Amino acid sequence: MPELPEVETIRRGLSAGLLGKKINRLEILWPRTVKTNLQKFAKILTGNKILNIERLGKLLIFELKNRQYVLVHLKMTGQLIYRAHDKCVAGGHKFLAQDLKTPNRHTRLIIYFADKSILYFNDLRKFGYFKLVDELTKEKTLKQFSLEPIQPEFNLNHFKKIFSNRKTTVKALLLNQKLIAGLGNIYADEACFRAKIRPNKKAGDLTDRQLKNLWLACKNILRQALKYKGTTFNNFVDEKGVKGNYSRFLRAYGRQGQKCQRCRQAIIKKIKTANRGTHYCPVCQK
DNA sequence: GTACTTGTTAAACT
DNA sequence: TAGTTTAACAAGTA
């Protein structure tokens, strides 16, 4: 489940490898991955160059020549794996990190570059997508997102405004990309745990102190997770197929039934909030 | 066979 | 109208 730190880890990794690379050929194994007319998609991409890779929230933006952009969303299980040509042997070459075979049965799209390097898009659940858009559409799409907690403009005042008078739960609000960009189910639970706030509490009911704690928690969690190249819970891997290291810092997510590591008394509970599995400590979090 | 997992969005609801 | 909630999407695991 790639959230902001995971997607940014991938963006950095891919930038190092494929900026300026020319696309020679595409192989589309699962057509519904591409949300643009397939012929148009292939025509524009073939022979084109990757000029830049940006990110907003969990969305990746590949900039091509002539103000064309490819939006890539990994959703829950998308993986972007980049192989230099000497490591591109299919069938589990010994150089392949984590024994991640490419291509595999979940490979949906392959991009072959002129220098023989290859980008694989794997996606078990087929929710991820590639979409070719012009500059106007790209700008319009990006406008739907709000600030990310790691941006300097994401100050306490901005955060308070988002929460004031909201009737929905804290959890639902943290997951709403139009209000806060980049948090997903894992980091939303972790942020609530750090701030000692129950995820199913009404957002508008938080005190000033709680708001400040939650604001700090959001920023710190994402920064720390980024430092450790993300969390691998199910199948997140970076552009080389390497897993993230943040899992060992998780205090709430996936720890239901285990003792809370902060109060050392209560057992972490799992409930459903905003239609999502939600983990919290019934003693620490008020 | 059933329940459960998640990011986003369209549709339904208040 | 706007804010909020729910179901749907898909395929694998327990």
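None of these values were measured; they are calculated from a predicted model.

Looking at the state of the cysteines
Put plainly, a disulfide is one covalent bond tying together the sulfur atoms of two cysteines. In the structure shown here, the tally under the stated rule is 0 disulfides. Looking at the unpaired Cys281, the closest cysteine sulfur is the one in Cys284, lying at 3.7 Å. Residue class for Cys281 comes out buried when judged on its relative accessible area of 0%.

Here's the deal with the protein's contact with DNA strand B
Within the structure, DNA strand B sits among 15 residues, and His73, Met76, Asn185, Lys270 and Arg276 are positioned closest to it. Counting only atoms of DNA strand B within 4 Å of the protein, the fraction found in sugar and phosphate groups is 55%. Lys272 places a side-chain nitrogen or oxygen 3.2 Å from a phosphate oxygen of DNA strand B. Elements with a minimum of two residues in the surface near DNA strand B: β9 (269–273) and β10 (276–280). Of the residues contributing to the surface near DNA strand B, the split by class is 4 nonpolar, 4 polar and 7 charged.

Thoughts on the protein's contact with DNA strand C
Residues in contact with DNA strand C, as listed here, are Arg32, Arg105, His106, Leu124, Arg125, Lys126, Phe127, Arg166, Lys167, Thr168, Asn275 and Arg276. Close to the protein, within 4 Å, the atoms of DNA strand C are drawn from sugar and phosphate at a rate of 62%. Arg32 has a polar side-chain atom sitting 2.3 Å from a phosphate oxygen of DNA strand C. In this structure, Thr168 approaches DNA strand C through a side-chain N or O atom, which is 2.4 Å from a phosphate oxygen. By residue class, the composition of the surface near DNA strand C is 2 nonpolar, 3 polar and 7 charged.

Things to note about the side chain of Lys138
Tracing the chain through its elements places Lys138 in helix α3 (residues 135–143). The class of Lys138 is buried, set by a relative accessible area of 6%.

Concerning the domain arrangement of chain A
Each assigned domain of chain A is listed with its residue range as follows: domain 1 (4–142) and domain 2 (156–280). Using only C-alpha atoms to locate each centre, domain 1 and domain 2 end up separated by 29 Å. With 22 residues of domain 1 in contact, the opposing surface of domain 2 contributes 21 residues. Taken over both partners, the interface formed by domain 1 and domain 2 buries close to 1,700 Å², and the fraction arising from carbon and sulfur atoms is 62%. Summed over the three residues of domain 1 that lose the most area to domain 2, namely Pro5, Glu6 and Thr9, the buried surface amounts to 30% of that side. Summed over the shared surface of domain 1 and domain 2, the result is 0 salt bridges. Put simply, domain 1 and domain 2 have 5 residue pairs in polar contact (both at pLDDT 80 or more) between them. Elements represented by at least two residues in the side of domain 1 that touches domain 2 include exactly α1 (4–18) and β5 (78–83).

Observations regarding the packing of helix α4 (residues 156–163) against helix α7 (residues 208–227)
Their axes nearest at 10 Å, the elements α4 and α7 cross at an angle of 115°. Our classification of the angle between α4 and α7 gives roughly perpendicular. In this structure, α4 meets α7 at a crossing whose hand is right-handed. The segment α4 lies against α7, with Leu156, Phe159, Lys160 and Phe163 engaging Asp208, Leu211, Lys212, Leu214, Trp215 and Cys218.

Calculation rules
Residues numbered from 1 in each chain as written. Chains lettered and ligands numbered in written order. Predicted model: local features only at pLDDT ≥ 70, side-chain atom pairs only at ≥ 80, totals over all residues. Heavy atoms only, no water. Disulfide = S-S within 2.5 Å. Buried < 20%, exposed > 50% of the residue type's maximum accessible area, 1.4 Å probe, protein only. Near = heavy atom within 4 Å. Polar contact = N/O pair within 3.5 Å; in protein donor to acceptor, adjacent residues only side chain to side chain. Helix = DSSP H or I, 4+ residues; strand = E, 2+ residues; numbered from the N terminus. Nonpolar A, V, L, I, M, F, W, Y, C, P; charged D, E, K, R; others polar. Domains from an automatic or database assignment. Contact = heavy atoms within 4.5 Å. Buried area = accessible area lost by both parts, 1.4 Å probe. Salt bridge = Lys/Arg side-chain N within 4 Å of Asp/Glu carboxyl O. Axes fitted to C-alpha atoms, helices over the stretch in contact; angles between N-to-C directions. Parallel < 35°, antiparallel > 145°, perpendicular 65-115°, else oblique. Left-handed = near helix turned anticlockwise from the far one by under 90°.

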